[in-house]
Structures are given as C-alpha cells and as structure tokens.
Amino acid sequence: MPVKTRWDNNKKTIWRYAFHKKWTWQEFEAARAEARRIIIDQPHRVDFIFDLSKCKAMPDSFMIRTRQMLRQVKRTSDVYVIVGQAEAYNFYIKTFQTERERLHYADDLAAARLFINRRKDEQAYQTVATIGAS
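Attention in this report is confined to the structure presented alongside it. It should be emphasised that the depicted structure is a prediction, and the values quoted were computed from it without experimental measurement. (Residues numbered from 1 in each chain as written. Predicted model: local features only at pLDDT ≥ 70, side-chain atom pairs only at ≥ 80, totals over all residues. Heavy atoms only, no water.)

## Some details on the overall build of the protein
- Secondary structure summary: the protein contains four helices and five strands in total.
- A buried classification covers 40% of the 134 residues belonging to the protein.
- In the protein, 67% of the contacts between residues at least 6 apart in sequence involve partners at least 24 apart.
- Here the protein displays about 8500 Å² of accessible surface, and carbon together with sulfur accounts for 54% of that area. (Helix = DSSP H or I, 4+ residues; strand = E, 2+ residues; numbered from the N terminus. Buried < 20%, exposed > 50% of the residue type's maximum accessible area, 1.4 Å probe, protein only. Contact = heavy atoms within 4.5 Å. Areas by Shrake-Rupley, 256 points an atom, 1.4 Å probe, with all protein chains shown as cover.)

## Digging into the environment of aspartate 78
- Here aspartate 78 shows up in the loop between helix 2 (62-72) and strand 4 (80-83).
- Since its relative accessible area comes to 14%, aspartate 78 is described here as buried.
- The sequence separation of aspartate 78 and phenylalanine 48 amounts to 30 residues, and the corresponding C-alpha distance is 7.2 Å.

## Digging into the pattern of salt bridges
- Within this structure, the stated rule accounts for four salt bridges.
- The closest approach of N and O atoms between aspartate 8 and arginine 16, which form a salt bridge, is 2.6 Å.
- Taking the relative accessible area as the measure of exposure, aspartate 8 reaches 11% and is therefore buried.
- Judged by relative accessible area, which is 13%, arginine 16 ranks as buried. (Salt bridge = Lys/Arg side-chain N within 4 Å of Asp/Glu carboxyl O.)

## Here's the deal with the packing of aromatic side chains
- In this structure the tally under the stated criterion is 15 aromatic pairs.
- With centroids separated by 5.4 Å and ring planes inclined at 50 degrees, the aromatic side chains of tyrosine 17 and phenylalanine 28 adopt a geometry described as tilted. A residue pair is termed long-range when its members are at least 10 positions apart, and tyrosine 17 in strand 2 (residues 14-21) and phenylalanine 28 in helix 1 (residues 25-39) qualify at 11 residues. As far as burial versus exposure is concerned, tyrosine 17 and phenylalanine 28 are alike and both buried.
- Each ring, one from phenylalanine 19 and one from tryptophan 23, has its centre 4.6 Å from the other, and the planes form 50 degrees; the classification is tilted.
- Classification of phenylalanine 19 by relative accessible area gives buried; the value is 3%. (Phe/Tyr/Trp six-rings, centres within 6.5 Å; stacked < 30°, edge-to-face > 60°.)

## Things to note about unusual backbone geometry
- The residue lysine 12 is not glycine, and still its phi comes out positive at about 60 degrees.
- Residue position: lysine 12 is located in the loop between strand 1 (3-7) and strand 2.
- You will see that lysine 21, though not glycine, has its phi angle at about 50 degrees, which is positive.
- Of note, lysine 21 is situated in strand 2.

## Looking at the side chain of aspartate 47
- As for its placement among the helices and strands, aspartate 47 is situated in strand 3 (residues 47-55).
- Classification of aspartate 47 by relative accessible area gives buried; the value is 0%.
- A polar side-chain atom of aspartate 47 sits 2.8 Å from a polar atom in the side chain of arginine 45. (Polar contact = N/O pair within 3.5 Å; in protein donor to acceptor, adjacent residues only side chain to side chain.)

Below is the structure:
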C-alpha cells in the first residue's frame, strides 16, 4: 500500500501518513477518509505528519491539491509537518506564502515530533499567560 496511515503517538494527538515510492491521489484520499473516520471522535486537536522521505515522486497537481486540502480544514486547529521532499516543500512555500504558519518541514520523524510538541508547549504557555492577564 503506497499510503499508510496511523497514530504516531499513544496520546492520539499526532496522525501520520507515510508515503511509499509512487502514490496516487486516489490512494491518498482513501487513506484520508480512513483517518477522518478515526480522528473525528477525538476530543482534542490532532496534528499531522506527512512522511514523504521514501516517496520517489509527487503525483500531478501536488501543489494545487495540497493547497485545496489545507483550505478545507480548520485554519487554527492543526499543524502539518512534511518530512522529506525538501525541494517540493520549499517550492510550495515560495508559491503559497500564506500557508507558512500551518505547513512546516522537518528532516526526519524525530524532528517533526519535536516541532509539534514544542509548538503545543508554546500554545499552552500562551493560553496560561492570557488567563493570568485577565
């Protein structure tokens, strides 16, 4: 299966898509539908890792389809981290600079997890600081 999907941690706060070799949009959409069925019942926000490190090439319309996907989901709820495919990520960010806040890059899975966890820590601190200022 070219697109595998699963929880990345026991807390069920990070969902990971792993892309292998060559994949199609139909395969991704099937994996995404499965993920939605599982994630929908979570009482907390879920962040995403897209592991493209074993991916040989991107399918046609990668840029446009990725942007459409990001626009379909809530603007403030999720962080998306791409692992591998730095060239595709850099080109995407240069083209769609408005997505820079939500779409991030990491060299490997460990760096992606660290980024997401640090981001959650920062958001928790901001929430506490806002409550303390009231």
